[in-house]
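# What the coordinates show
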Amino acid sequence: MLTNGTIDPWKAGASIFPLLYGVLLFMKLPNAGLMLTILVVVLVAIVWYAANQGLSIWTLLPAIVGIFLLLTCVGALYEGVSPTSLLPLSHTSIELWIMALLALGYVGWGAYATRQVL
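In this text the structure is predicted, and so the values were computed from the model without any measurement.

This part covers the overall build of the protein. Along the backbone of the protein there are 4 helices and 0 strands. In the protein, the order of α-helices and β-strands from amino to carboxyl end is α-α-α-α. For 118 residues, the compact-globule estimate of 2.2 N^0.38 gives 13 Å, and the C-alpha radius of gyration of the protein, at 15 Å, lies within 12% of that figure. Its C-alpha atoms give the protein principal-axis dimensions of about 45 × 25 × 15 Å. Across the 118 residues that make up the protein, the buried fraction comes to 34%.

This is how it looks when you write it as structure tokens:
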């Protein structure tokens, strides 16, 4: 069930940038262990829901990447980022807000793709 469906190269290619940005931002969070626990719980809940609905992971890929990026940006805005961190590039919170809005766009894209399948 989770692997049924075809791999969409546009979704995979468009999901690489936010995923890499989220991982680099996540690595410099002060409480990375707590954030990792929250992320694992949320992502397992999404995969469980997808399996129960008979959806493919490829259908939900933009939503999963968007939720990961959104949670990471919210964590960075709440806890702050190390001054030696590579991200955010501008070292201002406005970049994190813009990335959070981009993450909401990815969640919307995933929801739209899911509705098309259902």
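Moving on from the model shown.
What follows covers the packing of helix α1 (residues 9-27) against helix α3 (residues 57-79). Axis separation between α1 and α3 bottoms out at 9 Å; the angle between their running directions is 25 degrees. Relative to α3, the element α1 lies roughly parallel. In this structure, the crossing between α1 and α3 has a hand that is left-handed. Facing K11, A12, S15, P18, L19, Y21, G22, V23, L25 and F26 of α1, the residues of α3 in contact are W58, T59, L61, P62, V65, F68, L69, T72, C73 and A76. Partitioning the contact of α1 with α3 into residue classes produces 15 nonpolar, 4 polar and 1 charged.

Here the focus is the nonpolar core. Ranked by size, the top nonpolar core spans 15 residues in total, and within it Y21, L25, L69 and C73 carry the most contacts. If you list the elements that add at least two residues to this core, you get α1, α2 (32-53), α3 and α4 (93-117). With residues up to four places along the chain from it excluded, the contact list for L69 reads P18, Y21, G22, M99 and A103. Formed by 5 residues, the second largest nonpolar core is a distinct cluster that contains I46, L55, L60 and I64.

For the rest of this paragraph, the subject is a nonpolar patch on the surface. On the surface, L19, V23, L24, M27, L86 and L89 cluster together into a nonpolar patch covering about 570 Å² of accessible area. You can see L89 is positioned in the loop between α3 and α4.

Cut-offs applied
- Residues numbered from 1 in each chain as written.
- Predicted model: local features only at pLDDT ≥ 70, side-chain atom pairs only at ≥ 80, totals over all residues.
- Heavy atoms only, no water.
- Helix = DSSP H or I, 4+ residues; strand = E, 2+ residues; numbered from the N terminus.
- Rg over C-alpha atoms; globule rule 2.2 N^0.38 Å.
- Buried < 20%, exposed > 50% of the residue type's maximum accessible area, 1.4 Å probe, protein only.
- Axes fitted to C-alpha atoms, helices over the stretch in contact; angles between N-to-C directions.
- Parallel < 35°, antiparallel > 145°, perpendicular 65-115°, else oblique.
- Left-handed = near helix turned anticlockwise from the far one by under 90°.
- Contact = heavy atoms within 4.5 Å.
- Nonpolar A, V, L, I, M, F, W, Y, C, P; charged D, E, K, R; others polar.
- Core = buried A, V, L, I, M, F, W, Y, C linked by side-chain atoms within 4.5 Å.
- Patch = residues over 30% accessible without salt bridge, like charges linked within 9 Å, V, L, I, M, F, W, Y side chains within 5 Å.
- Areas by Shrake-Rupley, 256 points an atom, 1.4 Å probe, with all protein chains shown as cover.
- Salt bridge = Lys/Arg side-chain N within 4 Å of Asp/Glu carboxyl O.

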